[in-house]
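Here is how the chains run, residue by residue.
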Amino acid sequence: MHAKDKNQSRRAFLKTSVVGTGGLMLSFNWLSAQTDTWEGKEVRALENVRLSGHIIINADNSVVIYSQNPEIGQNVKTSMPMIIAEELDVDWNQVSVEQADLDTEKFKRQVAGGSQSIRKSWPVLRKAGATVRALLISAAAEQWGVSAIELRTETGYVIGKSGEKLSYGSLAEAAAKQKIPKKVSLKKAKDFSLIGKSVMNVASREIVTGTAKFGIDTQREGMVYARLLHAPGFGQKLVSFDAKQALQIKGVTEVFEIDNKVAIIADSTWTAIKGGEAIKTIWSKPLTSEDSKVQRKTLLDMVNAKGQNAKVNMGNVEQGFKKADQVLERTYEAPFLPHNCMEPMNFFADVTDEKVELYGPIQTPENQRRAVAKLLKRSEDEISLGISRIGGGFGRRLNGDFVLEAALISNKIRKPVQLIYTREDDMTAGVYRPAVTYKFKAGLTDGKISAYDLSGAGINMRNTVRPGTWPQASVPNFKLESQSLESHVTFGYWRAPTSNFLAFAEQTFVDELAEIAKKDPIQFRLESLKQAIDAPFGKVRYEPLRMIGVLKLVAEKSNWETKKKGLYRGVSAYYSHNTYVAEVVEITIVGGQPKIERVVVATDCGIVVNASGAHNQAMGAVVDGIGHAMYGEMPLENGVPQHRNFDTYKALRNSEAPKVETHFVKSQKAPSGLGEPTLPPAAAAFANAMYAATRKRLYSQPFSEQGVVLQ
Amino acid sequence: MDLQVNGKKYTIDIDPQTPILWVLRDHLKLVGTKYGCGIGQCGACTIHFNGTAVRSCSIPVAAAANVAITTIEGLSEKGDHPVQKAWVDLDVPQCGYCQAGQIMTASALLSQNNKPTEEEIKLGMSGNICRCSTYTKINKAVKQASENL
Amino acid sequence: MKLAFTGIISFGLVMILVLLSWSPIEPNQEGSKSVQRGKKIYASNCAVCHMANGMGIAKVFPPLAQSDYLMEDISRAGETIRNGLKGKISVNEASYTGMMSGFSFSDQELADVVNYITNSWGNKAEEVDATWASKIKKN
């Protein structure tokens, strides 16, 4: 059974290659090639050989590498091809990168989510590069009539014993006919020549000249624009609508109800926007159960209730609290957060009898194709999905609600449809970071945590807690409880889901414990981590040594031991998405308010693939975290979102952005991700610094509602 | 009416109240200028009006008669304006969506003040939102561009 | 006699010293700080349309510099900043049909930016404070 499968895949591989040989249109040197814009996608016409799903080698020795995952700003479009190029052993200057469409035959896990792109694709991409390299060596060996063992490669050339050279380009056709080796050897980390360097974003030039196209920029012949009016409040149903005025607007062609929304079809974006504004809608009554004040009270009642669903229950926390020297109990509350990607939601769909074409910004293309197939009762074979560049994901576009909407509309009117959301549509559409409340209770004995009970309750949250993470293995009596409050408010994965607020609550709570124990906050954490190494309670599901490593690094880089008058510091440490982070925020006080002087971030994500990209992600997530902790909230009044645009919804601005210094632990471990991990600890480090300066604690977000004003 | 965009003349027949942003994007197919909010609060739609940075989402096209409009596509012929070069050199963009607006604001800022202090840069750029939070790199790039004007 | 004369001279000297040390009333310290803060707020939020020199853009964004529309009703200015403005207005005998969105400033911030625009570019007005701003309601 297994042997047969292997042969099948091998044959399929070769089949792809042979079809690829000379199978594409014109021949011109791609380095100076004009890019043809065809139906919204850029197609480079090449004379080439496709040697694997990811790699095309041209006769002139230039290489095209396909980037398989959606690009949302995490720059996997550069770092993932870098991994391939490293093992393939080509000169990066000869590489151009193309965004791959959804293609489950060629690629696995085309998902941008969970900060897992690099981590999950690391072995796959390395193998792809190494395998093609092996085919090229094999082809050269054949041509020279020597053994492959005698040969080596160097930046795009196979080199013989006596220094004779053959370019990859000249070998490509022959390479496609070689037998695919059972095993390939991968480079040793110390031999990396590309990985670990700072490599410029492959899309930089397009971005700065305005030629980089996002989903919202899609334009096709015969395309119409669609806009959807959704209920003003969650849980409300459409009763009726009056489109008379809207249909009088030149360019508005149709208005109809679809899936509890009103769709406006128009000939341009502006007309669609204006059309929507001209429609009178009547909805059912707003629901008081969806009011933020009501939900807040319910969540508080839930965390205070006894005997709830325990996800983890070790030892006996009640006994532990009775015996403890000191007991501390604190409650933390977080509001809903919209994602506010700078590119509002949009998607293109063209449904015809023959096929379904989908195109646009989505983090989960495979799931969406499946969902559209189910929704329209079509076969997945009939559906193609192209992934555009994405103006921010942050988890919003893990949900494909707008993909289904576009498909549904196009299916109904049988025209190519570009669905667009205005900022107001987007900000009020839901798919929010859920509102969540935590109650922490901990007992200290001899300055160590001897009992720990965390109870979380969140809106539509399957799990508000994170079993297995610190301090679980460091505490003998340990309980995690979680409850979900059902609501019509739709749930969204927001950058570092669950962790994005839990880390703030946990790491500020821990600081209070350290103070009671009369220990330095870093020292307190180090001792607790050491407990998990020396005498853990139960299984340890993370690596305490790596957490100790980043705490020590951040202490060193922030000069933690050296006190400076007027400079106040706060620390936090958190493990999420397989990456370890410790942060120190330094503030001064100006007119009674904090000015963030700098944030020092120490990260252990294993091998860093692109040094510049890594800094960008680590820095960006920190500032994003602090900005949202300061200002972010979406209060609902009887289910109606109270912010619709940036006039009232405050975003962190340039003048408030703190300087961030990033440091990475030198590691040989396989890489883990960076899109999210430095966000969770940021707000806590800031709040802990605030306490050092003002002796005031923060127990809820946004901080601006507690009177904090960034200087 | 006639429009002058990036040195080229266009003749359009559109409701004069249509914001310039949508004329550029939907009718002239110049999609480098982006939509972020529609109310002048995010800066993604920034273009130059006779060299001054303005929010194209908040200006009706009627006001653009006899005005030289420059969009990101026309900021330089070869993408080599000092601001663009600094942006690439310092690896500023992340998702890239807000960056055209940032660059248009920065280039206008520098044309009015060729030696801005860090404070002046921060303030001058504060009208442009970046969710990816590339702010500190943006400021570095503006500073570097000012040194290479 | 001599004593009285000395007394008069001393008194006179004291008076002269008092007169010399008399300085014109300083602008309220809180106010000028407010204007400085307002300048920062203006630069980040308003300058992009009304321009750093307060001159606006012809036919689109009205000037604030020596603007009759602004200076004749400061409360209205506060309301406009807080709530935005749509529709036709006349400023210095020119017509503007634009769209301005409101800003979510705190009361102090609103007072600061109002103080800045009403005391710059040749404009002069009495300064307002956060209490005044708290009475300007958001629609």
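Residues numbered from 1 in each chain as written. Chains lettered and ligands numbered in written order. Predicted model: local features only at pLDDT ≥ 70, side-chain atom pairs only at ≥ 80, totals over all residues. Heavy atoms only, no water.

## Here's the deal with the packing of aromatic side chains
All names here are of chain A.
Turning to step 1, where the next piece is worked out: This structure, assessed with the given rule, holds 24 aromatic pairs over all chains.
Turning to step 2, where the next piece is worked out: Taking the centre distance of 6.1 Å and the plane angle of 90° together, the rings of Phe440 and Tyr452 count as edge-to-face. Note that Phe440 is positioned in strand S21 (residues 436-445) and Tyr452 in strand S22 (residues 448-459), a separation of 12 residues in sequence. By the burial criterion, Phe440 is buried, and Tyr452 matches it.
Turning to step 3, where the next piece is worked out: Taken together, the ring pairs connect Tyr332, Tyr438, Phe440, Tyr452, Phe478, Phe501, Phe504, Phe509, Phe686, Tyr699 and Phe703 into an aromatic cluster.
Turning to step 4, where the next piece is worked out: Over the ring of Phe348 we find Arg220; its NZ or CZ atom is 4.4 Å from the centre of that ring. (Phe/Tyr/Trp six-rings, centres within 6.5 Å; stacked < 30°, edge-to-face > 60°. Helix = DSSP H or I, 4+ residues; strand = E, 2+ residues; numbered from the N terminus. Buried < 20%, exposed > 50% of the residue type's maximum accessible area, 1.4 Å probe, protein only. Lys NZ or Arg CZ within 6 Å of the ring centre and 35° of its normal.)

## Quick notes on the confidence of the model for chain C
Residues and elements named next belong to chain C.
Turning to step 1, where the next piece is worked out: Per-residue confidence for chain C gives a mean pLDDT of 83; residues scoring 70 or more make up 78%.
Turning to step 2, where the next piece is worked out: Per-element averaging of pLDDT across chain C places helix H1 (residues 2-21) at the bottom with 62 and helix H4 (residues 68-71) at the top with 96.
Turning to step 3, where the next piece is worked out: Predicted complex, confidence summary: ipTM 0.98, pTM 0.91. (pLDDT = per-residue confidence, 0-100.)

## Quick word on the sheet that holds strand S24 (residues 568-576) of chain A
Residue and element names in this part refer to chain A.
Turning to step 1, where the next piece is worked out: Read from one edge of the open sheet, four strands run S24-S25-S26-S29, paired in mixed fashion. Where the open sheet ends on each side, the last strands, each with one partner, are S24 and strand S29 (660-664). Averaged over all pairs of adjacent strands, the angle between their axes in this sheet comes to 20°, without regard to strand direction.
Turning to step 2, where the next piece is worked out: As paired elements, strand S26 (residues 593-604) and S29 share five bridges and run parallel to each other. Within the sheet, the bridge partner assigned to Val600 lies in S29 and is Glu661.
Turning to step 3, where the next piece is worked out: Packing against the sheet, helix H16 (residues 611-631) makes contact with strand S25 (579-590), S26 and S29, and its axis sits at approximately 130° to S29. (Pairing = 2+ DSSP bridges. Axes fitted to C-alpha atoms, helices over the stretch in contact; angles between N-to-C directions. Contact = heavy atoms within 4.5 Å.)

## Focus on the interface of chain B and chain C
Turning to step 1, where the next piece is worked out: Taken together, the 17 residues of chain B in the interface contact 13 residues of chain C.
Turning to step 2, where the next piece is worked out: Where chain B abuts chain C, roughly 1,300 Å² becomes buried across the two surfaces, and 65% of that area is made up of carbon and sulfur atoms.
Turning to step 3, where the next piece is worked out: A per-residue breakdown of the area chain B buries against chain C is headed by B:Gln41, B:Ser58 and B:Leu123, which together make up 34% of the total.
Turning to step 4, where the next piece is worked out: The interface formed by chain B and chain C contains zero salt bridges.
Turning to step 5, where the next piece is worked out: For the interface between chain B and chain C, the tally reads three residue pairs in polar contact (both at pLDDT 80 or more).
Turning to step 6, where the next piece is worked out: Listed by contribution, the elements that provide at least two residues to the side of chain B that touches chain C are strand S4 (52-55) and helix H4 (118-125) of chain B.
Turning to step 7, where the next piece is worked out: Class assignment for the residues of the side of chain B that touches chain C results in 10 nonpolar, five polar and two charged. (Buried area = accessible area lost by both parts, 1.4 Å probe. Salt bridge = Lys/Arg side-chain N within 4 Å of Asp/Glu carboxyl O. Polar contact = N/O pair within 3.5 Å; in protein donor to acceptor, adjacent residues only side chain to side chain. Nonpolar A, V, L, I, M, F, W, Y, C, P; charged D, E, K, R; others polar.)

## Topic: the domain arrangement of chain A
Residue and element names in this part refer to chain A.
Turning to step 1, where the next piece is worked out: For chain A, the assigned domains read domain 1 (2-208), domain 2 (215-285 + 345-420) and domain 3 (292-336 + 432-706).
Turning to step 2, where the next piece is worked out: In this complex, domain 1 contributes 20 residues to the contact, which on the side of domain 2 involves 18 residues.
Turning to step 3, where the next piece is worked out: The contact between domain 1 and domain 2 buries some 1,500 Å² in all, and 56% of this surface belongs to carbon and sulfur atoms.
Turning to step 4, where the next piece is worked out: Here domain 1 and domain 2 share four residue pairs in polar contact (both at pLDDT 80 or more) between them.
Turning to step 5, where the next piece is worked out: Each residue belonging to the side of domain 1 that touches domain 2 can be placed in one class, and the counts come to eight nonpolar, seven polar and five charged. (Domains from an automatic or database assignment.)

## Description of the interface of chain A and chain B
Turning to step 1, where the next piece is worked out: Contacts between chain A and chain B engage 59 residues on the former and 47 residues on the latter.
Turning to step 2, where the next piece is worked out: Buried surface at the junction of chain A and chain B, both sides included, amounts to about 4,500 Å², of which 56% is carbon and sulfur.
Turning to step 3, where the next piece is worked out: Considering only the side of chain A, the residues that lose the most area to chain B are A:Val208, A:Met342 and A:Asn654, jointly responsible for 18% of the buried surface there.
Turning to step 4, where the next piece is worked out: Put simply, chain A and chain B have four salt bridges between them.
Turning to step 5, where the next piece is worked out: In this structure, B:Arg131 and A:Asp624 form a salt bridge, with 2.8 Å as the shortest nitrogen-oxygen distance.
Turning to step 6, where the next piece is worked out: Broken down by secondary-structure element, the contributors of at least two residues to the side of chain A that touches chain B are helix H5 (204-208), helix H7 (269-277), helix H12 (423-427) and H16 of chain A.
Turning to step 7, where the next piece is worked out: Ranked by residue count, the leading element in the side of chain A that touches chain B is H16(A), at 10 residues.
Turning to step 8, where the next piece is worked out: For the side of chain A that touches chain B, the class distribution of residues is 24 nonpolar, 23 polar and 12 charged.

## Focus on helix H4 (residues 168-175) of chain A
Residues lying three or four places apart along an α-helix face the same way, a consequence of the helix completing one turn every 3.6 residues.
Turning to step 1, where the next piece is worked out: Those residues of H4(A) that fall on the buried side of the exposure criterion are A:Tyr168, A:Gly169, A:Leu171, A:Ala172 and A:Ala175. The buried residues of H4(A) occupy an angular sector of 155° when the element is viewed end-on, so they sit on one face. (Arc of directions from axis to C-beta.)

## Observations regarding the pairing of strand S17 (residues 346-351) of chain A
All names here are of chain A.
Turning to step 1, where the next piece is worked out: Counted residue by residue, S17 has six buried out of six residues, so it is predominantly covered.
Turning to step 2, where the next piece is worked out: The alternating pattern of S17 places Asn346, Phe348 and Asp350 on one face and Phe347, Ala349 and Val351 on the opposite face, and all of these are buried.
Turning to step 3, where the next piece is worked out: Bridge count for S17 against strand S18 (residues 356-360) is four bridges, and the pairing is antiparallel. Residue pairing in the sheet places Ala349 in a bridge with Leu358 of S18.
Turning to step 4, where the next piece is worked out: Hairpin connection from S17 to S18: four residues lie between these consecutive antiparallel strands.

## Quick notes on the pattern of salt bridges
Residue and element names in this part refer to chain A.
Turning to step 1, where the next piece is worked out: Applying the stated criterion to the full structure yields 48 salt bridges over all chains.
Turning to step 2, where the next piece is worked out: We note a salt bridge from Lys161 to Glu150, for which the minimum N-O separation is 3.9 Å. One end of the pair, Lys161, is in the loop between strand S8 (157-159) and strand S9 (165-167); the other, Glu150, is in the loop between helix H3 (117-144) and strand S7 (152-154), and 11 residues separate them in sequence.
Turning to step 3, where the next piece is worked out: With relative accessibility at 33%, the residue Glu150 sits in the partly exposed group.
Turning to step 4, where the next piece is worked out: Between Glu543 and Lys669 there is a salt bridge, and its shortest N-O distance comes to 3.4 Å. Of the two residues, Glu543 is situated in the loop between helix H14 (521-534) and helix H15 (544-557) and Lys669 in the loop between S29 and helix H17 (680-694); the sequence distance between them amounts to 126 residues.
Turning to step 5, where the next piece is worked out: Here Glu543 falls in the partly exposed class, since its relative accessible area comes to 34%.
Turning to step 6, where the next piece is worked out: The exposure class of Lys669 is partly exposed, given its relative accessible area of 40%.

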